[in-house]
Amino acid sequence: MQAVRIEKMQPAHAEAAAAIEKDLFGQPWTREGFLSSLANPDAFYLAAFEDEKLVGYCGFFQSFDEAEITNVAVAPSGQNKGIGRAMLKELIGQGRERGVERYILEVRVSNERAIHLYEKLGFLKVGVRRGFYEKPKEDALIMCLND
């Protein structure tokens, strides 16, 4: 695996993040969506780079001691290299420093690779949100980690 650098996401990364979103998701976040989130003091985002190219990002919105993980994405060129796992471990560590004790996320019920990754990191299945996703329509599995 090439050396991956993980750092706090900056507004300059929003365009590349939006391009990855467009490749991966039916309802992608836009550049403006990322810029808005990055400007929110309750949000924290990380970006992963290989050879100075953005290959992944993840982030959360924090409310007191709880954080909702809103984005976890790795570009196709960076998948199956442990980048998602490395980003999430760093995100959880950064959250701990910010006082986060509980993380919650939603994931498509069909996204077995992501579910497996979350379970390896200690997340538990706690519920289902019916019809949560669009394009295509699908239920979301709710997962939680108490840190």
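Residues numbered from 1 in each chain as written. Predicted model: local features only at pLDDT ≥ 70, side-chain atom pairs only at ≥ 80, totals over all residues. Heavy atoms only, no water.

Estimates place the volume of the largest pocket at around 1200 Å³. Taken together, 38 residues make up the lining of the largest pocket; nearest its centre are Phe25, Val72, Asn111, Ala114 and Tyr118. When contributions to the lining of the largest pocket are tallied by element, the ones reaching two or more residues are α1 (14–24), β4 (66–74), α3 (83–97), β5 (102–108), α4 (112–120) and β6 (124–133). No other element matches the seven residues that β4 contributes to the lining of the largest pocket. Class assignment of the residues belonging to the lining of the largest pocket gives a composition of 16 nonpolar, 12 polar and 10 charged. (1 Å grid on protein atoms, 1.4 Å probe; cavity = no way out; pocket = protein on both sides within 12 Å on 5 of 7 lines; lining within 4 Å. Points joined across faces, edges and corners; volume = space filled by probe spheres on them. Helix = DSSP H or I, 4+ residues; strand = E, 2+ residues; numbered from the N terminus. Nonpolar A, V, L, I, M, F, W, Y, C, P; charged D, E, K, R; others polar.)

With mixed pairing, seven strands are arranged side by side in an open sheet as β1-β2-β3-β4-β5-β7-β6. Edge positions in the open sheet fall to β1 (4–8) and β6, since each of these has one partner strand only. Pairwise comparison of adjacent strand axes, ignoring direction, gives a mean angle of 25° for this sheet. Here strand β2 (residues 43–50) pairs with strand β3 (residues 53–63) via eight bridges, running antiparallel. Along β3, the bridge assignment pairs Ala43 with Phe61. Running over the sheet, helix α2 (residues 31–39) touches β2, β3 and β4 and is turned about 125° from β2. (Pairing = 2+ DSSP bridges. Axes fitted to C-alpha atoms, helices over the stretch in contact; angles between N-to-C directions. Contact = heavy atoms within 4.5 Å.)

This next bit is on the pattern of salt bridges. Going through the model one piece at a time under the given rule, you end up with 12 salt bridges. For the salt bridge of Arg129 with Glu106, the shortest nitrogen-to-oxygen distance reads 2.8 Å. Residue Arg129 is located in strand β6, and its partner Glu106 is located in strand β5; the two are separated by 23 residues in the primary sequence. By relative accessible area, Arg129 is classed as partly exposed at 34%. With relative accessibility at 17%, the residue Glu106 sits in the buried group. Asp139 serves as the salt-bridge partner of Arg130, at 2.9 Å between the closest nitrogen and oxygen. (Salt bridge = Lys/Arg side-chain N within 4 Å of Asp/Glu carboxyl O. Buried < 20%, exposed > 50% of the residue type's maximum accessible area, 1.4 Å probe, protein only.)

Our next topic: the packing of α1 against α2. Closest axis-to-axis distance for the α1/α2 pair is 8 Å, and the angle between their directions is 125°. The orientation of α1 with respect to α2, classified from their angle, is oblique. Two packed elements cross with a definite hand, and for α1 against α2 that hand is right-handed. Residue-level inspection shows Ala14, Glu15, Ala17, Ala18 and Glu21 of α1 in contact with α2, the latter providing Arg31, Phe34 and Leu35. In terms of residue class, the contact of α1 with α2 is built from five nonpolar, no polar and three charged. (Parallel < 35°, antiparallel > 145°, perpendicular 65-115°, else oblique. Left-handed = near helix turned anticlockwise from the far one by under 90°.)

With that settled, the discussion passes to the pairing of strand β7 (residues 138–146). Buried residues dominate β7, accounting for seven of its nine residues. Examined bridge by bridge, β5 and β7 share seven bridges and lie antiparallel to one another. Each residue of the ladder has a partner; that of Arg108, found in β7, is Ala140. Note: β6 against β7, six bridges, orientation antiparallel. Paired with Arg129 across the bridge in β7 is Ala140. Counting the residues that bridge the hairpin from β6 to β7 gives four residues, and of these Lys135 lies at a positive phi of roughly 50°.

The values reported here are purely geometric and, on their own, carry no functional implication.
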